Amino acid sequence: MPDHLLDIIIQNSNERWDQMLAQDADYVRIGECMSKKFARLDKLKLTKKQNRAMDELLTTYNEENSQCCKLIYKQGFKDCISLLKEIGIISS
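Peer 1: For this particular structure, what's the right way to read unusual backbone geometry?
Peer 2: Glycine aside, negative phi is the norm for most residues, and most peptide bonds take the trans geometry. Phi at lysine 45 is positive, roughly 55 degrees, even though this residue is not glycine. Along the chain, lysine 45 falls in the loop between α3 (25–43) and α4 (48–86). Assessed through its relative accessible area of 67%, lysine 45 is described here as exposed.

Pasting the structure below:
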């Protein structure tokens, strides 16, 4: 399957992921924990420069994790196709 088609599938799956994550208890718990940690961070009264540096760091970290998730999802899709071919459910 061409990578372009996989990119389209991944891009269109974001809506499903949002729904799935909202229903996942661990994901919700982690989100609540993160909110508490951001509240603690806010109480530190960082300077504008410190806040900007922290925001840039978190943004880059989130971008890296997002890219990692896309690559893992894409590889999983490719692995699934390979497995379906190997067991004869689909042909080359």
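Next, the rest of the story.
Peer 1: I would appreciate a short explanation of the pattern of salt bridges in the present structure.
Peer 2: Should the charged atoms of two oppositely charged side chains come close, the side chains can pair. On inspection of all chains with the given rule, the structure shows 1 salt bridge. Here aspartate 26 makes a salt bridge to arginine 29, at a shortest N to O gap of 3.8 Å. Note that aspartate 26 and arginine 29 are positioned in helix α3 at a spacing of 3 residues, about one turn of the helix. Looking at aspartate 26, the relative accessible area reads 47%, which means it is partly exposed.

Calculation rules
Residues numbered from 1 in each chain as written. Predicted model: local features only at pLDDT ≥ 70, side-chain atom pairs only at ≥ 80, totals over all residues. Heavy atoms only, no water. Helix = DSSP H or I, 4+ residues; strand = E, 2+ residues; numbered from the N terminus. Buried < 20%, exposed > 50% of the residue type's maximum accessible area, 1.4 Å probe, protein only. Salt bridge = Lys/Arg side-chain N within 4 Å of Asp/Glu carboxyl O.

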